[in-house]
Amino acid sequence: MADVKLFEKILIANRGEIAVRIIESARELGIRTAAVYSEIDRDSYHTALADEAHCIGESDLDDTYLNIEKIVSTARETGCQAVHPGYGFLAENHEFVKRCEEENLVFIGAASGVIRLMGDKLQARSAVKNMGIPIIQGSSGAPETLMEECRNLPYPLLVKAAMGGGGKGMRIVRNEADLEEALEATSREAKAYFGDGTVYVEKYIDQPRHIEIQILGDAFGNVIHLFERECTIQRRYQKIIEETPSPSIDDGVRMKMGQAAVTIGHTIGYDNAGTVEFLMDREQNFYFLEMNTRIQVEHPITEMTTGVDIVKQQLLIAAGNELTLKQDDIKPRGHS
């Protein structure tokens, strides 16, 4: 690959399917890989598939896959130039990104400032609102202050942790009599799960569609989208089925939603793979929900319909290459 910058060796700070996925794309580019593993994962497939594998502890996650210093020191000691976090674990931990930057290791993902911004639901919503992209009406704060502020919001309301995710602590409140108890319970759970008791309350959209847009950006200001995935079918706020193309939107909404995701990426200087999530009501009005600043579990269905190897693009972008893909090049085919 003439004139293409490539890493010589990368460390994969993850395990299982996503570690295997990264190793395969790296191998196609001629990049050597170093795996890390806990003792109980010694015989896992990713340790055998990588060019080399290094044990970083017994079984406790805090001492292995969540141990920033162990992972950074292993990358440095093995001569890796970059670290790919996969998804989960440290993938959206801006402190981990900062440590990589301090050790002159390239983090194969978004910049620490972008991860910090989009990881805070309140800051993310404020930033996106300033871009002119619709957001759902809401308010945030401590439980004792929200009772009064919520008087201006229409029921039903959705109460959730401001710094949370994954549906933890999330509650639907259909009348004012149940609000105070929901605010207090959510605040307690937010503090326990995320270390921050701040609560966010927003208008609840009944029977919404959940649509997410895959984007790719580089350090040269180029951002494209790879169309949508629909993940409306969920259980306890956890996605069960991902589908592309979405059967719920028409081409006009598809274009608008894609452009909104690209606008967000451009404005925040996004330079890797990421996903912008939207909620859509029955009239096909869509609202920004959040942004995942990492590759997602469900990325393969987008690869199947677009032919784009998203992990390979991550590796190329992080190595300092400009996106060669243009928006007009992305023409999805089929259904996944």
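Everything below is about the structure shown above.
Residues numbered from 1 in each chain as written. Predicted model: local features only at pLDDT ≥ 70, side-chain atom pairs only at ≥ 80, totals over all residues. Heavy atoms only, no water.

Chemist: Just checking my understanding: could you explain the nonpolar core for this structure?
Modeler: When a protein is soluble and globular, its nonpolar side chains tend to lie buried together. In terms of nonpolar packing, the biggest core is built from 47 residues, with Phe96, Met118, Ile264, Phe278, Phe288 and Met291 touching the most fellow members. The dominant element in this core, judged by the number of residues it contributes, is helix 9 (residues 251-268), at 7 residues. Excluding its chain neighbours within four sequence positions, the residues that come into contact with Met291 are Glu92, Met118, Ile215, Ile264, Ile268, Tyr270, Gly274, Thr275 and Val276. Counting 34 residues, the second-largest nonpolar core is a separate cluster that includes Ala19, Ala26, Ile31 and Ile317. (Core = buried A, V, L, I, M, F, W, Y, C linked by side-chain atoms within 4.5 Å. Buried < 20%, exposed > 50% of the residue type's maximum accessible area, 1.4 Å probe, protein only. Helix = DSSP H or I, 4+ residues; strand = E, 2+ residues; numbered from the N terminus. Contact = heavy atoms within 4.5 Å.)

Chemist: I tried to follow the sheet that holds strand 4 (residues 82-84) on my own but got confused; where do I start?
Modeler: Strand pairing in a sheet relies on backbone hydrogen bonds, with the paired strands running either antiparallel or parallel. Here we have 5 strands laid out as an open sheet, ordered 3-2-1-4-5, and parallel in their pairing. On the outer flanks of this sheet lie strand 3 (52-55) and strand 5 (106-107), each paired with one strand and no other. Note: strand 4 against strand 5, 2 bridges, orientation parallel. When the sheet's bridge partners are listed, Ala82 is paired in strand 5 with Val106. Across the sheet, helix 3 (residues 68-77) lies against strand 1 (9-12), strand 2 (32-37), strand 3 and strand 4, angled at about 160 degrees from strand 1, the strand it touches most. (Pairing = 2+ DSSP bridges. Axes fitted to C-alpha atoms, helices over the stretch in contact; angles between N-to-C directions.)

Chemist: Quick question: what am I supposed to make of the packing of aromatic side chains here?
Modeler: Any aromatic ring pair is given by two values, namely how distant the centres are and how the planes are angled relative to each other. Inspection of the entire model under this criterion finds 4 aromatic pairs. Seen in terms of ring centroids, Tyr65 and Phe89 are 5.2 Å apart; in terms of plane orientation they differ by 10 degrees. Their pairing is stacked. Of this pair, Tyr65 sits in the loop between strand 3 and helix 3 while Phe89 sits in the loop between strand 4 and helix 4 (94-102), and the two are 24 residues apart along the sequence. The exposure class of Tyr65 is buried, given its relative accessible area of 0%. Exposure remark for Phe89: the relative accessible area of 27% places this residue in the partly exposed category. An angle of 45 degrees between the planes, with centres 5.9 Å apart, marks the rings of Tyr193 and Phe194 as tilted. Relative accessible area serves as the criterion here: at 29%, Phe194 is assigned to the partly exposed category. (Phe/Tyr/Trp six-rings, centres within 6.5 Å; stacked < 30°, edge-to-face > 60°.)

Chemist: Mind showing me how you'd approach the packing of helix 3 against helix 4 here?
Modeler: For any two helices packed against each other, one specifies the crossing angle of their axes together with the interaxial distance. Contact geometry for helix 3 and helix 4: axes closest at 10 Å, N-to-C directions at 30 degrees. Considering the angle they form, helix 3 stands roughly parallel to helix 4. The element helix 3 and its partner helix 4 pack so that their crossing is right-handed. Packed against helix 3, whose contacting residues are Ile68, Glu69, Ile71 and Val72, the element helix 4 presents Glu95, Phe96, Arg99 and Cys100 at the interface. Class assignment of the residues belonging to the contact of helix 3 with helix 4 gives a composition of 5 nonpolar, no polar and 3 charged. (Parallel < 35°, antiparallel > 145°, perpendicular 65-115°, else oblique. Left-handed = near helix turned anticlockwise from the far one by under 90°. Nonpolar A, V, L, I, M, F, W, Y, C, P; charged D, E, K, R; others polar.)

Chemist: Would you explain the environment of His94 in this entry?
Modeler: Residue placement: His94 occurs in helix 4. A sequence separation of 20 residues divides His94 from Val114, and the C-alpha atoms of the two residues are 8.5 Å apart. Excluding residues within four positions of it along the chain, His94 makes contact with Ser112, Ile115 and Arg116.

Chemist: How should the side chain of Arg21 be read in this particular structure?
Modeler: With respect to the element layout, Arg21 can be found in helix 1 (residues 16-28). According to the relative accessible area criterion, Arg21 is buried, its value standing at 12%. Looking at Arg21, its side chain comes within polar contact range of the side chain of Ser25, at 2.6 Å. Each residue touching Arg21, except ones within four places of it in the same chain, is listed here: His299, Glu303, Asp309, Ile310 and Val311. (Polar contact = N/O pair within 3.5 Å; in protein donor to acceptor, adjacent residues only side chain to side chain.)

Chemist: Whenever I open this one, helix 6 (residues 121-129) confuses me. Can you help?
Modeler: Along an α-helix, residues three or four apart share an orientation, since each turn contains 3.6 residues. Of the positions making up helix 6, those classed as buried are Lys121, Ala124, Arg125 and Val128. All buried residues of helix 6 fall inside an arc of 100 degrees around its axis, so they share one side. Buried positions along helix 6 lie against helix 5 (112-119), strand 6 (138-141), strand 7 (157-161), strand 9 (199-203), helix 9 and strand 15 (286-292). Sitting at the head of helix 6, Asp120 places a side-chain oxygen 3.0 Å from the backbone nitrogen of Leu122. (Arc of directions from axis to C-beta.)

Chemist: I tried to follow the side chain of Glu230 on my own but got confused; where do I start?
Modeler: Structurally, the position occupied by Glu230 is in strand 11 (residues 223-230). A distance of 2.7 Å separates polar atoms of two side chains, one belonging to Glu230 and the other to Arg209. Within the local environment of Glu230, its side chain forms a polar contact with the side chain of Ser246, the two groups lying 2.4 Å apart. Residues within four places of Glu230 in sequence aside, it is in contact with Arg209, His210, Ile211, Ile241, Glu242, Glu243, Ser246, Pro247 and Ser248.

Chemist: Can you walk me through the environment of Glu243 in this structure?
Modeler: Following the sequence through the fold, Glu243 ends up in the loop between strand 13 (238-239) and helix 9. Taking the C-alpha atoms as reference points, Glu243 and Tyr204, 39 residues apart in sequence, are found 24 Å from one another. At a separation of 2.8 Å, a polar atom in the side chain of Glu243 contacts the side chain of His335.

Function-wise, these values are silent; they only describe arrangement.
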